[in-house]
Amino acid sequence: MKKIMKSLTILFVIFLCVTSVSYAAQKEVLLKTNSTWDNVEYNKLKIKKPEVTVLKIIINVGEELPMHKHDLVNIAYVKKGTLTVITDDNKEITLHEGEVLPELIGKYHYGKNTGNDPVELIVFYLGQKGTPLSVNK
């Protein structure tokens, strides 16, 4: 009986130590959306062979990307700098460091660095395997 009580006591102490551990990891939701930045809702995704691609893109001061479109879902995180995105019908949005952009799907647009430092983007793409990440106009 003493051995059982001793074993239960040890297990209880271990349980208290394990359950009282605090973790330093923190999380913050940067984006939760069901639409692109111009409020076009995502349709139900039916992707037969899904593929995820993550790119790091650097846009130098004053640089402007070519007019292009995406035929898949992509989300851009602005790690550094200031980025302005302009559509072919002149709608625009400006993003700063730490902001997230649910990019347009099937609409032509371009991005340009409108700040004083290089723009560093981390872009996440989700689409069917083999779909080009962007198509220039």
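Residues numbered from 1 in each chain as written. Predicted model: local features only at pLDDT ≥ 70, side-chain atom pairs only at ≥ 80, totals over all residues. Heavy atoms only, no water.

Chemist: Help me understand the packing of aromatic side chains, please; the structure alone is not making it clear to me.
Modeler: In this description, a pair of aromatic rings is defined by centroid distance and the angle of the planes. Taken as a whole and judged by the stated rule, the model has zero aromatic pairs. Over the ring of Y108 we find K137; its NZ or CZ atom is 5.2 Å from the centre of that ring. (Phe/Tyr/Trp six-rings, centres within 6.5 Å; stacked < 30°, edge-to-face > 60°. Lys NZ or Arg CZ within 6 Å of the ring centre and 35° of its normal.)

Chemist: Is there a simple way to think about the layout of surface pockets in this case?
Modeler: A water-sized probe, rolled over the atoms, reveals where empty space remains. Put simply, the largest pocket is a space of about 240 Å³. If you trace the largest pocket, you find 21 residues lining it, with I57, L65, H68, H70 and E103 closest to the centre. Elements with a minimum of two residues in the lining of the largest pocket: β1 (50-59), β4 (82-87), β7 (109-113) and β8 (119-128). Among the residues making up the lining of the largest pocket, the classes are represented as 14 nonpolar, six polar and one charged. In this model, the second largest pocket occupies a volume close to 160 Å³. (1 Å grid on protein atoms, 1.4 Å probe; cavity = no way out; pocket = protein on both sides within 12 Å on 5 of 7 lines; lining within 4 Å. Points joined across faces, edges and corners; volume = space filled by probe spheres on them. Helix = DSSP H or I, 4+ residues; strand = E, 2+ residues; numbered from the N terminus. Nonpolar A, V, L, I, M, F, W, Y, C, P; charged D, E, K, R; others polar.)

Chemist: Just to check I follow, could you spell out the side chain of N113 for this structure?
Modeler: Within the secondary structure, N113 is located in strand β7. Overall, the relative accessible area of 5% leaves N113 in the buried class. Excluding its chain neighbours within four sequence positions, the residues that come into contact with N113 are I59, N60, V61, G62, E63, T82, P118 and V119. (Buried < 20%, exposed > 50% of the residue type's maximum accessible area, 1.4 Å probe, protein only. Contact = heavy atoms within 4.5 Å.)

Chemist: Could you clarify how one ought to interpret the nonpolar core in this entry?
Modeler: Generally speaking, nonpolar side chains in soluble globular proteins are found buried as a group. Counting 14 residues, the largest nonpolar core has L83, V85, L101 and L121 as the members making the most contacts within it. Mapped by element, the contributors of at least two residues to this core are β3 (73-80), β4 and β8. With four residues, β8 is the single largest residue contributor to this core. Setting aside residues up to four positions removed in sequence, L83 forms contacts with I59, I93, T94, L95, G111, K112, T114, V119 and L121. (Core = buried A, V, L, I, M, F, W, Y, C linked by side-chain atoms within 4.5 Å.)

Chemist: Please explain the sheet that holds β8 as it appears in this structure.
Modeler: Strand pairing in a sheet relies on backbone hydrogen bonds, with the paired strands running either antiparallel or parallel. Reading across the sheet, the four strands line up as β1-β8-β3-β6 and stay open at both edges, with antiparallel pairing between neighbours. The open sheet has two edge strands with one neighbour each: β1 and β6 (100-102). Adjacent strand axes in the sheet meet at a mean angle of 15°, parallel and antiparallel pairs treated alike. Bridge count for β3 against β6 is three bridges, and the pairing is antiparallel. For A76, the partnering residue across the bridge sits in β6 and is L101. (Pairing = 2+ DSSP bridges. Axes fitted to C-alpha atoms, helices over the stretch in contact; angles between N-to-C directions.)

Everything listed here is a matter of geometry and, on its own, says nothing about what the molecule does.
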